Amino acid sequence: MVSRSWTAAVAAIALALATLGTTAPVLAGDAGMIKVATGEAWIVRAGARLPARVGDKVQTSDVIATGAKGAVGITFADDSRLSIGPNSVLAIDRFVFDSTTHAGASETSLRKGTLAAVSGRLARQSPGAMKVKTPAATLGVRGTEFLIRTGEAD
Amino acid sequence: MISHHATRGLLLLFAGALLAGCAARPVVMAPPPPVVSPRDDLFVVLPGPDGKAGAVTVTHGGERLVLDQPYAGARIRERGRLEAARVPESEVRDVFGETLGALPPRPVSFTVFFEFSRDELTAESRDAFREISAEIARRPAVEIIVIGHTDRVGPLEHNDALSLQRAARVRRSLVEAGVAADRIEIAGRGEREPLVPTGDEVPEPRNRRVEITVR
């Protein structure tokens, strides 16, 4: 047991080192990749606000935000897709995907604005693996396309 | 010259007129500040590519709604209750048009087939490469995931190695077709995931394949 987990840890570190600084497809540790970015769009990561660009990878605990004319589309490692429209904030709370077994979890929070989503392999493999939260509600997803708007009433 | 008195009278008259104007319309009193901020939330399920909808369960406090029909929706409004709603397509376009416009293209998968026990593509599969290359060229920040498989002839370890060789062979072909090598990830699954389940040691051409996902 001990030696096996050691091997796994060494393999994970080797993989992380091997993928540093490359533009390879999303691998362990990455949740997905930005495929569409228009207008003002940012990735908030570890307190820093970076401009979101096509080809940027996103990971667990990133927050994606847009301005008045911004929009961002992301394809995740399980082939699910999420996009947000103008004046929106989406947090990637947790994303884990085993590409062999298709097990894992996708948990995101739309804090404000609009979201379009198409579920992927995670939701197909196990209903409940994909969740989207808003400040008022939680959505469990079973293989579908859906839309959310969340905001405080005017 | 208008005296102070007269000015005051005019002002009173003006204020009276204003009040009279207000009285003609219903008077709206400001509501007391709510305990939680009033919400205006909307949830809608769309039809998939086959025209059918999957299902989304919306949970809000102790309330729960299952949305499993195209354009079935739910709202949470000021009063904070979860209400079922059928959402017209026109409202979907108005509210979500820009958001839907930013959805990345759907990932597509191709399967190419190999000659028995080798990493040579069949003739038909070589032709499929033109189509695959075109799909790759069309996509922004494209990722290509190449997964090799074998049939169940031969030992497991041999098939693990062969499936990886086949994936590597596909990567080589894609790179020769102009695809950047660092966009391609390869893996071999050996004989574990047959397209057509068979007994051990059964030759099955449809299992000697590589799946290429472009996203």
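Residues numbered from 1 in each chain as written. Chains lettered and ligands numbered in written order. Predicted model: local features only at pLDDT ≥ 70, side-chain atom pairs only at ≥ 80, totals over all residues. Heavy atoms only, no water.

## Quick word on the overall build of chain B
Argument step 1. Helix and strand content of chain B: four helices and nine strands.
Argument step 2. Secondary structure of chain B in N-to-C order comes out as α-β-β-β-β-β-α-β-α-β-α-β-β.
Argument step 3. When the 215 residues of chain B are sorted by exposure, 38% land in the buried category.
Argument step 4. Pairs at least 24 apart in sequence give 61% of the contacts found in chain B among residues at least 6 apart. (Helix = DSSP H or I, 4+ residues; strand = E, 2+ residues; numbered from the N terminus. Buried < 20%, exposed > 50% of the residue type's maximum accessible area, 1.4 Å probe, protein only. Contact = heavy atoms within 4.5 Å.)

## Brief notes about the interface of chain B and chain A
Argument step 1. Contacts between chain B and chain A engage 49 residues on the former and 52 residues on the latter.
Argument step 2. Of the roughly 4,100 Å² buried at the junction of chain B and chain A (both faces included), carbon and sulfur atoms supply 54%.
Argument step 3. Our count for the contact surface shared by chain B and chain A stands at four salt bridges.
Argument step 4. Residue R106 of chain B is joined to E145 of chain A by a salt bridge in which the shortest nitrogen-to-oxygen separation is 2.7 Å.
Argument step 5. Those elements that provide at least two residues to the side of chain B that touches chain A are β1 (41–46), β2 (55–60), α2 (89–101) and β8 (184–188) of chain B. (Buried area = accessible area lost by both parts, 1.4 Å probe. Salt bridge = Lys/Arg side-chain N within 4 Å of Asp/Glu carboxyl O.)

## Let's talk about the pairing of strand β5 (residues 82–86) of chain B
Look at any regular strand and the pattern is simple: side chains alternate between the two faces of the sheet.
All names here are of chain B.
Argument step 1. Examined bridge by bridge, strand β4 (residues 72–76) and β5 share five bridges and lie antiparallel to one another. In the sheet register, I76 faces β5, and the bridge partner there is L82.
Argument step 2. The turn joining β4 and β5, which pair antiparallel and follow one another in sequence, is formed by five residues; a positive phi near 85 degrees is taken by G80. (Pairing = 2+ DSSP bridges.)

## Here we look at the side chain of E145 of chain A
Argument step 1. With respect to the secondary-structure elements, E145 of chain A resides in strand β12 (residues 145–150).
Argument step 2. Residue classification places E145 of chain A among the buried positions, given a relative accessible area of 13%.
Argument step 3. A polar atom in the side chain of E145 of chain A sits 2.7 Å from the side chain of R106 of chain B. (Polar contact = N/O pair within 3.5 Å; in protein donor to acceptor, adjacent residues only side chain to side chain.)

## Points about the confidence of the model for chain A
Note that predicted coordinates carrying low pLDDT should not be read in detail.
Argument step 1. In this model, chain A carries an average pLDDT of 86, and 81% of its residues clear a pLDDT of 70 or more.
Argument step 2. Contacts from residues 13–23 of chain A, a stretch scored under 50 in pLDDT, to residues over four places away or in other chains number six contacts. (pLDDT = per-residue confidence, 0-100.)

## Remarks on the environment of G80 of chain B
Residue and element names in this part refer to chain B.
Argument step 1. By secondary structure assignment, the location of G80 is in the loop between β4 and β5.
Argument step 2. Judged by its relative accessible area of 25%, G80 is partly exposed.
Argument step 3. The spatial distance from the C-alpha of G80 to the C-alpha of G61 is 9.5 Å, given a sequence separation of 19 residues.

## Describing the pairing of strand β3 (residues 63–67) of chain B
All names here are of chain B.
Argument step 1. Alignment of β2 against β3, held across five bridges, turns out to be antiparallel. Counted as the bridge partner of V58 is L65 from β3.
Argument step 2. In textbook terms, the turn of a hairpin is the stretch between consecutive antiparallel strands, and for β2 and β3 this stretch comprises two residues, one of which, G61, has a positive phi near 60 degrees.

## Some remarks on the environment of I136 of chain B
Argument step 1. Mapped onto the fold, I136 of chain B is located in helix α3 (residues 123–138).
Argument step 2. Dropping the residues within four chain positions of it, I136 of chain B is found in contact with V142, I144, L174, V179 and V214 of chain B.

## Examining the domain arrangement of chain B
Argument step 1. Looking at the assigned domains, one finds that chain B contains domain 1 (39–102) and domain 2 (108–214).
Argument step 2. One C-alpha centre belongs to domain 1 of chain B, the other to domain 2 of chain B, and the line joining them spans 39 Å. (Domains from an automatic or database assignment.)

## Let's talk about the sheet that holds strand β6 (residues 108–113) of chain B
Hydrogen bonding along the main chain pairs the strands of a sheet, whether they run parallel or antiparallel.
Residue and element names in this part refer to chain B.
Argument step 1. Spatially, β6-β9-β7-β8 is the arrangement adopted by the four strands of the open sheet, whose pairing is mixed. In this open sheet, the two strands that pair with only one neighbour each are β6 and β8. Ignoring which end each strand starts from, the neighbouring axes of this sheet average 20 degrees apart.
Argument step 2. Docked against the sheet, α3 engages β6, β7 (144–148) and β9 (209–214), running at close to 160 degrees with respect to β6. (Axes fitted to C-alpha atoms, helices over the stretch in contact; angles between N-to-C directions.)

## Remarks on the side chain of T66 of chain A
All names here are of chain A.
Argument step 1. Among the structural elements, T66 can be located in strand β5 (residues 63–66).
Argument step 2. Look at T66 and you get buried, because its relative accessible area is 7%.
Argument step 3. Within polar-contact distance, the side chain of T66 engages the backbone oxygen of G85 at 2.7 Å.
Argument step 4. Once residues lying within four places of it in the same chain are set aside, the contact partners of T66 are E40, A41, W42, A71, V72, I84, G85, P86, N87 and S88.

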